[in-house]
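Residue-level structure breakdown
The lines below spell out each chain.
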Amino acid sequence: MASTVADVIVATLKASGVRRVYGIPGDSVNGFMDALHRDGGITWEHVRHEEAAAFAAAAEAALTGELAVCAASCGPGNLHLINGLFDANRSRVPVLAIAAQIPEVEIGGNYFQETHPQDLFRECSVYCELVSIPEQLPRLLQIAMRAAVQRGGVAVVVVPGDVFLADAPSAQVTPVRPGYSVIRPDDAALGAAAEVLNAASAVTILAGAGCAGAHDQLIRLAGALQAPVVHAFRGKDVVEYDNPYDVGMTGLIGFSSGYRAMEHCDALVMLGTDFPYRPFLPAGVPVIQVDVRGEQIGHRVPVDVALVGTVKDTVDALLPLITAKTDPAHLNRMTAHYRRARGRLDRLARDRASDSPLHPQYIAATVDKLAAADAVFTADVGTPCVWAARYLRMNGTRRLIGSFNHGSMANALPHAIGAQASHPGRQVIALSGDGGLAMLLGELLTLRQQRLPVKIILFNNGALSFVELEMKAAGIATFGTDLVDPDFAGIARAAGLFGVQVQKASELEDALSAAFAHDGPALVDVRRGIGAHRARQD
């Protein structure tokens, strides 16, 4: 029987399928902590920085498609959530943030640790409200949870510490679960799209994360159109596998074959993607864009036919109107281009047993070879994303999580925390950069404390190397990018993790195998290129 407002919150979360909350306790959130403790049905995932709590919740939500929860105390506590919440909201995954507030009576008086979270979080959420009196719960909580799961994004409930402890206005608990619909365009829009596609002779498909759950429809549409399929990075794990039409990525870290397939098409179909880089989109060809959020259509390029609906439902409705194409010339040219590009990339990953520093391509390819068939990978923004995009092979069960829209550094480790906490029997591998890992290095202690067997592969090059690439591309001399790093493997061992350092290619496979076999968290510090950076710094 719920007795306090905090008890109502915990009971509602549990009834709605929530099984863990990520965060750090503090005085203003202690009423919620007490309710969690007394109930015992929801695990408290204690991290070392609130930013990590938000990232972890984002990863759990991305993997499960269900509501994930983080919580933090007032002022600086919940302020630290904001970067991870921006990531979750821009990735459109359902996350509830419980942001504690100073005592209700003190709001507006410049009290200790006073901020206004309902204003602060509004830009990174689909719903954000302050609970001013106990009677507003559980209704506002239900509204927030419903907004998160139906709109796909972050909902923030701001609760003063004294309200957590107040008597519950009602013991009634209403579970909040997502509702599902069939969403497809009207017949006129479908007919207009079919007319464009039937008149074209070289159609290319650009597919993104919105193709999740619609792989069969994607393959059938590509077959009917004899269309090469280019994937956006967020779409890699749902598009690439079992796909004879795949020609790789396009964009800044993509393949030349993906770029050419876009360049040489005479019609473009954008399926569930808001690919942001306009210079990589074709000009002067008709564009058909499918998105369940109609307001997203046309953000990047003028669209001739807007199809508002899910990819699955829209393609199912569109396929009967398509006249199957019999000329595979465009498809054959682009898949041949892809095979050549893929071959060049694979040659860069060949084993050079005596090489030091190691080639990052070889590191990524070896991780891919040794990883489990259902591994979950997380990748730091920067060069780890390059190697993940090019060398991790998706198979329909593997997953790839990253800060692909928000583009935050330091995401791989906290994303891995959420992935591992929510999937305890699954291999989780974080591809980290030395700059990113150092930002949230304290989360190594979270792995140990929460007994999360995450495997961290550290691409350690003593520099912010992707920033260096950007500087060089802009004709700017690299400056301010060098990193004087510690012995990360030694730090891992001191924190109670398995830690090993690798300096030659001949050492890599044994080190990775040992880390993957270790019953607990592990860090493999692969040092590459550090001498050159240090020499330049001196």
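Residues numbered from 1 in each chain as written. Predicted model: local features only at pLDDT ≥ 70, side-chain atom pairs only at ≥ 80, totals over all residues. Heavy atoms only, no water.

**Re helix α7 (residues 139-151)**
Between its first and last C-alpha, α7 extends 18 Å over 13 residues, near the 18 Å set by a 1.5 Å rise per residue. Among all positions of α7, only Leu140, Leu141, Gln142, Ala144, Met145, Ala147, Ala148 and Val149 are buried. Here the buried face of α7 lies against α1 (5-15), β4 (95-101), β5 (127-130) and β6 (154-160). Once α7 ends, the next one or two residues include Gly152, with phi positive near 70°. (Helix = DSSP H or I, 4+ residues; strand = E, 2+ residues; numbered from the N terminus. Expected span 1.5 Å × (residues − 1). Buried < 20%, exposed > 50% of the residue type's maximum accessible area, 1.4 Å probe, protein only. Contact = heavy atoms within 4.5 Å.)

**Looking at the pattern of salt bridges**
All chains considered together, the criterion is met by 16 salt bridges. Where Lys369 meets Glu509, a salt bridge forms, and the shortest distance between an N and an O atom there is 3.1 Å. Of this pair, Lys369 sits in helix α15 (residues 360-370) while Glu509 sits in helix α22 (residues 505-517), and the two are 140 residues apart along the sequence. (Salt bridge = Lys/Arg side-chain N within 4 Å of Asp/Glu carboxyl O.)

**Observations concerning the sheet that holds strand β13 (residues 376-379)**
Pairing in this open sheet of six strands is parallel, and the strands run β14-β13-β15-β16-β18-β17 from one edge to the other. Sheet topology places β14 (399-402) and β17 (498-502) at the edges, where each strand pairs with a single neighbour. Neighbour-to-neighbour, the strand axes of the sheet open up by a mean angle of 20°, direction not taken into account. Relative to strand β18 (residues 522-527), strand β16 (residues 455-460) runs parallel, the two being bridged by six bridges. Among the inter-strand pairings, Lys455 is bridged to a residue of β18, identified as Ala522. The strands touched by helix α3 (residues 50-64) are β13 and β14; relative to β14, the strand with the most contacts, the crossing angle is about 150°. (Pairing = 2+ DSSP bridges. Axes fitted to C-alpha atoms, helices over the stretch in contact; angles between N-to-C directions.)

**Digging into helix α5 (residues 82-91)**
Taken across its ten residues, α5 has seven buried, putting it largely inside the fold. Among the residues of α5, those classed as buried are Gly84, Leu85, Phe86, Asp87, Ala88, Asn89 and Ser91. At its buried positions, α5 is contacted by α3, β3 (68-72), β4, β6, β14 and α17 (412-422). Of the residues flanking the end of α5, it is Arg92, one or two places downstream, whose phi is positive at about 60°.

**Some details on the sheet that holds strand β10 (residues 267-271)**
Spatially, the six strands line up as an open sheet ordered β9-β8-β7-β10-β11-β12, and their pairing is parallel. Two strands lie at the open edges of the sheet, namely β9 (246-249) and β12 (305-308), each paired on one side alone. Recorded for the sheet is a direction-independent mean angle of 20° between the axes of neighbouring strands. Note: strand β7 (residues 203-207) against strand β8 (residues 229-231), three bridges, orientation parallel.

**Considering the packing of α15 against α22**
Angle between the axes and distance between the axes are the two parameters that describe a pair of packed helices. Two numbers describe how α15 lies on α22: the axes approach to 10 Å, and their chain directions differ by 35°. Here α15 and α22 pass one another in a crossing that is right-handed. Residues Tyr362, Ile363, Thr366, Val367, Lys369 and Leu370 of α15 form the contact with α22, whose participating residues are Ala505, Leu508, Glu509, Leu512, Ser513 and Phe516. Its residues assigned to classes, the contact of α15 with α22 comprises eight nonpolar, two polar and two charged. (Left-handed = near helix turned anticlockwise from the far one by under 90°. Nonpolar A, V, L, I, M, F, W, Y, C, P; charged D, E, K, R; others polar.)

**Concerning the pairing of β3**
Among the five residues of β3, five are classified as buried, and the element is accordingly described as predominantly covered. Side chains Ala68, Cys70 and Ala72 of β3 all project onto a buried face; the interleaved residues Val69 and Ala71 project onto the opposite face, where all are buried too. Pairing analysis gives three bridges linking strand β1 (residues 20-23) to β3, with the strands arranged parallel. Paired with Val21 across the strands is Val69, a residue of β3. Strand direction decides the pairing type here: β3 and β4, joined by five bridges, are parallel. Residue pairing in the sheet places Ala71 in a bridge with Ile98 of β4.

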